[in-house]
Every structure is written in C-alpha cells, then in structure tokens.
Amino acid sequence: SRLQLGAQTEERVIFVPGDKSLSINWPLLHSVIVAAHEKEILRLNPVIVFGVHPGDPNSPSCYTEAMYLSHRIRVLIKKTDEMSGKEIVPGSNLIVTAGSTLGEIAAYQRKPVIGFFYDCLRENNGSLPPVWDLAARGAALVVRDGSIETLSGFIKVLLSPLGCKQLVRAQERNYPSPPKPGSTAECVANTIETFFFKK
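Residues numbered from 1 in each chain as written. Predicted model: local features only at pLDDT ≥ 70, side-chain atom pairs only at ≥ 80, totals over all residues. Heavy atoms only, no water.

K.L.:
How should the packing of aromatic side chains be read in this particular structure?
P.N.:
Think of a pair of aromatic rings as described by two things: how far the centres are apart, and how the planes are tilted against each other in angle. For the structure shown, the criterion picks out two aromatic pairs. Residues Phe50 and Tyr63 carry aromatic rings whose centres are separated by 4.8 Å and whose planes lie at 45° to one another, so their mutual orientation is tilted. Taken together, the residues Phe50 in strand S2 (residues 46-51) and Tyr63 in helix H4 (residues 61-64) connect sequence positions 13 residues apart. Side by side, Phe50 and Tyr63 carry an identical accessibility label, which is buried. Ring geometry for Tyr108 and Tyr175: centres 5.3 Å apart, planes at 85°, overall edge-to-face. (Phe/Tyr/Trp six-rings, centres within 6.5 Å; stacked < 30°, edge-to-face > 60°. Helix = DSSP H or I, 4+ residues; strand = E, 2+ residues; numbered from the N terminus. Buried < 20%, exposed > 50% of the residue type's maximum accessible area, 1.4 Å probe, protein only.)

Structural data, given as structure tokens:
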C-alpha cells in the first residue's frame, strides 16, 4: 500500500476518505491540511492522501486545488480507479474522516481514527453515521465543531510512538476480527427462517 502511494519509510500517511458531498469534503480536507502544518506535526513528515468517494458526482479536479494550499506537505488525490480506500488504509498511519465506513475497516487493522465533524453539516446531512459506534466504543477520537486546534492536537498525539495505545486496546477489545463476507446476510436469513418457519 505504501509502495503504491510512494510513501517513504520516515513519512506519516494521513488518509482522508472523501464523502459524496463537496460541502463536507472541502472543509474536511482544508482543515486537515491546516492542522498538519503545526510545527511538531511537520517534523513527522506528514503526507495527506485524499480518497475521492466513488459516489462523488464532482470532478476530482475540484480537490486538486487543495494541493496548492499546502506549502510544506505533500497532498495526494486518489480516485477509486487509481487506488481504493480499502487499499489505502493498510499503508496509512492515521485516518481522519467525516464518518466514512473506512473508519471501521481501519479499526480492524488497528489504525488510529479521528472523526472530524462540523455540527452545522451534520444537521444538514442528518444524524451521525452508524460508524461512529467507533467513538462510543473508545476506538476513535472525535473533533466537534470543526476545531482545527483540537484536530491538530489529536494528530500530534496519535502519530507519536505511544499516542495510540489506548485506542488500539479499545479496537482489540471491541473489533477483534472483521466480519466474514456474507455473514450479515446469513444472520438475516437464519432470523427470517426461525421467525417464519419455526414449528
């Protein structure tokens, strides 16, 4: 994964999975770029990878402008046909998301996860997505109200050598192994069968 991303050993990859909405993606990506320019984070050689959501109707060129906002950090924009989110997660050191299900995939792989939310955007787009069961189980940190200062602090801690140990312990406890493909459908089928055909 890191080889495909062109990430060097000393670089820390911050993966930002995109949403379908430009109104969520732009503040999310911009905030991560600004937060990563904090002095102590810059010393960790961060690389930001933005994954364009496969259902995003906007042109990826909408996001390439973000690359020019970054003066000292490399920003990569990855479309799904280049590299899917599931392929990027294993090579990442940290995931910052506005509620992508890739957060859960990251938890199963023991990657630190930060949920970054603006309350006004959540109100416009409904309630928090189910993936934020992650935060309730202590397997992810959450930044409210789009605070770049808080985001920067969390990034700094989670990219430090000991910073994500508590999160990883919660992930191991609550997400011991990923569900097998088809297990949800099998569970539903068994429930229906028991309910309708039980003698």
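K.L.:
Is there a simple way to think about the packing of helix H2 (residues 22-36) against helix H9 (residues 148-158) in this case?
P.N.:
The axes of two packed helices give the description: the angle between them and the distance between them. The contact between H2 and H9 brings their axes to 9 Å, and the two run at 60°. In terms of orientation, H2 lies oblique with respect to H9. Taken as a pair, H2 and H9 cross one another with a handedness that is right-handed. Within the contact between the two elements, H2 uses Ser31, Val32, Val34 and Ala35 and H9 uses Ile148, Leu151, Ser152 and Ile155. Considering only residue class, the contact of H2 with H9 consists of six nonpolar, two polar and no charged. (Axes fitted to C-alpha atoms, helices over the stretch in contact; angles between N-to-C directions. Parallel < 35°, antiparallel > 145°, perpendicular 65-115°, else oblique. Left-handed = near helix turned anticlockwise from the far one by under 90°. Contact = heavy atoms within 4.5 Å. Nonpolar A, V, L, I, M, F, W, Y, C, P; charged D, E, K, R; others polar.)

K.L.:
How should I be thinking about the nonpolar core in this particular structure?
P.N.:
Across soluble globular proteins, nonpolar side chains show a tendency to be buried alongside one another. Among the nonpolar cores identified, the biggest contains 32 residues, and Ile14, Ile48, Val96, Leu151 and Ile155 are the most heavily contacted of them. At seven residues, the largest contribution of residues to this core is made by H2. Beyond its immediate sequence surroundings of up to four residues, Ile14 is in contact with Val32, Ala36, Pro46, Val47, Ile48, Val49, Leu94, Val96, Ile155 and Leu159. Among the nonpolar cores identified, the runner-up in size contains 21 residues, and Val47, Met83, Phe117 and Trp132 belong to it. (Core = buried A, V, L, I, M, F, W, Y, C linked by side-chain atoms within 4.5 Å.)

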